[in-house]
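Topology and contacts: notes
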Amino acid sequence: MNTIGNSFRISIFGESHGAYVGCTLDGLPAGFMPDWDLIHFDLSRRMPNKRTHSTERHETDDFEIISGLYNDAFTGAPLTVLFKNRDLQSEFYLERIARPSHADYTAYVKYGGYNDPRGGGMFSGRLTAPIVFAGSIARQILLKQDIRIFSHIYRIGSISDEPFDPLLTMETLPYLDMKFPLVDENKKSEIEKLFSDAKQRGTSLGGTVECSVLGLPIGIGEPFFDSVESQLSHMLFSIPAVHGVEFGAGFGFAEMDGVTANDRVLSGGKTETNFSGGVNGGITNGMSLIFRTCFRPVPTVRAEQTTINIETDTEVSFRGNERHDVCILPRGCVIVECAAAIALLDLLMR
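Residues numbered from 1 in each chain as written. Predicted model: local features only at pLDDT ≥ 70, side-chain atom pairs only at ≥ 80, totals over all residues. Heavy atoms only, no water.

This part covers the overall build of the protein chain. The helix and strand inventory of the protein chain stands at seven helices and 16 strands. With respect to the three principal axes, the spread of C-alpha positions in the protein chain is 65 × 50 × 35 Å. Counting every position in the protein chain, which comprises 350 residues, the buried fraction comes to 51%. Of the contacts formed within the protein chain by residues at least 6 apart in sequence, a portion of 72% connects residues at least 24 apart. Just so you have it, the protein chain exposes about 16,300 Å², and 53% of that area is on carbon and sulfur atoms. Each charge class in the protein chain was averaged separately, 32 positive and 44 negative side chains, and the resulting centres sit 4 Å apart. (Helix = DSSP H or I, 4+ residues; strand = E, 2+ residues; numbered from the N terminus. Buried < 20%, exposed > 50% of the residue type's maximum accessible area, 1.4 Å probe, protein only. Contact = heavy atoms within 4.5 Å. Areas by Shrake-Rupley, 256 points an atom, 1.4 Å probe, with all protein chains shown as cover. Lys, Arg positive; Asp, Glu negative; His and termini not counted. Charge placed at Lys NZ, Arg CZ, Asp CG, Glu CD.)

Structure below.
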């Protein structure tokens, strides 16, 4: 439902145009003093950016801690944070139109019409603000154990960035502009033009984030149902608009033979290649954990479409007039990083 995790647990709440969104974190170590500047920086990476034609909705993402903190340190009790929703334009959503590829129709049926339709309600990307907050704390706790998480825009539309080196280390990590992370910065102007063209045509774009986790010790994760891949995938697929996750060579394995795909084990346990993406048998093997997360094109578009009025079940013409992103990337990069931090911290704390 709205809670995920075992030893480190996060519950999210609120709706896009409700008074607040927020989360409660359970399992935080007592005495840990978070770096609030780092949390604000991660939240700023999620905020809209004119350069990438993000949504015109502007929330400050200021937050209020209402439990679990004393003298700027975690008490060990559940920590609850609130984000006040301020920039609302709810009138567009009051007519029950089934926006194509949104959750409007499925939510209406599941909840008998009692769901909040404004801005997508509980299905909105607005709920990624508390996820980033929780993940930013999780990555700070992971950092104490020298575990670091990085991501970049892997692909948007027809434009691909250079992939991370499968044998990536802190010494070989390329420079990344955290607000627009690319391995090859020359791709930035091409992607910005792609955004402009898509906005002009009244459409949107999908994209893929590639993420690498460095410093994970051998032995994190459980076989089968609580494997690193299954736990990460559960968390990643909870991000709105995510429709695909792959680890290491991923779907590329379909084009390989076994001799090529196998990672030869070297003295000391490292491997010569890293097609497995840092995981064997659901358990980390000490290599860089590498995975990719695919976002569908934002379903809200300016082009005219045909859909139905949910209450009357009659066909209507529809044009998206509400505020939206042309592409969820690069804002999606920090969301993927923070979602990964939540899942990995939970596994590590076991």
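What follows deals with the side chain of E210. By secondary structure assignment, the location of E210 is in strand β10 (residues 207–214). Its relative accessible area of 2% is what places E210 among the buried residues. One polar contact links E210 to H152, side chain to side chain, over a distance of 2.7 Å. Here the side chain of E210 touches R292 through a polar contact of 2.9 Å, side chain to side chain. Contacts of E210, omitting those with residues within four sequence positions, involve F150, S151, H152, Y154, P163, F164, I290, F291 and R292. (Polar contact = N/O pair within 3.5 Å; in protein donor to acceptor, adjacent residues only side chain to side chain.)

Below, the discussion takes up the sheet that holds strand β2 (residues 9–14). As summarised here, the arrangement of the five strands in space is β1-β2-β3-β7-β4, forming an open sheet in which the pairing is antiparallel. The open sheet has two edge strands with one neighbour each: β1 (3–4) and β4 (63–67). Pairing of β2 with strand β3 (residues 20–26) involves six bridges; the strand directions are antiparallel. The residue bridging R9 from the neighbouring strand is D26, located in β3. Running over the sheet, helix α1 (residues 36–46) touches β4 and β7 (79–84) and is turned about 130° from β4. (Pairing = 2+ DSSP bridges. Axes fitted to C-alpha atoms, helices over the stretch in contact; angles between N-to-C directions.)

Below, the discussion takes up the sheet that holds strand β9 (residues 159–160). Reading across the sheet, the five strands line up as β9-β8-β10-β14-β11 and stay open at both edges, with antiparallel pairing between neighbours. Two strands close off the open sheet at either side, each with one partner strand: β9 and β11 (242–247). Here helix α7 (residues 331–349) sits on the sheet in contact with β8 (148–156), β10 and β14 (289–295), set at roughly 140° to β8.

Once that is clear, we can look at the packing of α1 against helix α3 (residues 128–143). As a packed pair, α1 and α3 sit with axes 9 Å apart at the nearest point and diverge in direction by 140°. Classed by the angle they form, the pair α1 and α3 counts as oblique. For the pair α1 and α3, the crossing hand works out as right-handed. Facing α1, whose interface residues are W36, L38, I39, D42, L43, R45 and R46, α3 presents T128, A129, V132, F133, S136, I137, R139 and Q140. (Parallel < 35°, antiparallel > 145°, perpendicular 65-115°, else oblique. Left-handed = near helix turned anticlockwise from the far one by under 90°.)

To continue, consider α7. Taking 1.5 Å of rise per residue, 19 residues should cover 27 Å, and α7 covers 28 Å from first to last C-alpha, within 8% of that figure. A large share of α7 lies buried, amounting to 18 of its 19 residues. (Expected span 1.5 Å × (residues − 1).)

Here we come to the packing of α3 against α7. Their axes nearest at 7 Å, the elements α3 and α7 cross at an angle of 55°. Between α3 and α7, the interaxial angle falls into the category oblique. In the crossing of α3 with α7, the sense of the turn from one axis to the other is left-handed. Between α3 and α7, the contacting residues are T128, I131, V132, A134, G135, S136, A138, R139, I141 and L142 on the first element and V334, I335, E337, C338, A341, I342, L344, L345 and L348 on the second.

So, about the packing of aromatic side chains. Applying the stated criterion to the full structure yields seven aromatic pairs. Note on F63 and F83: the rings are 5.8 Å apart at their centroids and 55° apart in plane angle, and the pair reads as tilted. Note that F63 is positioned in strand β4 and F83 in strand β7, a separation of 20 residues in sequence. What makes F83 buried here is its relative accessible area of 0%. Taking 6.2 Å as the distance between ring centres and 80° as the angle between the ring planes, the aromatic pair formed by F83 and F133 counts as edge-to-face. Placement of F83 in strand β7 and of F133 in helix α3 is noted, with a sequence separation of 50 residues between them. Both residues of the pair, F83 and F133, count as buried. One aromatic cluster in this structure is built from W36, F63, F83 and F133. Here the guanidinium or amino end of K110 rests over the ring plane of Y111, the centre of that ring lying 5.7 Å away. One Lys or Arg, R292, reaches over the ring of Y154 and ends 5.6 Å from the middle of that ring. (Phe/Tyr/Trp six-rings, centres within 6.5 Å; stacked < 30°, edge-to-face > 60°. Lys NZ or Arg CZ within 6 Å of the ring centre and 35° of its normal.)

Everything listed here is a matter of coordinates, which is why it stays silent on function.
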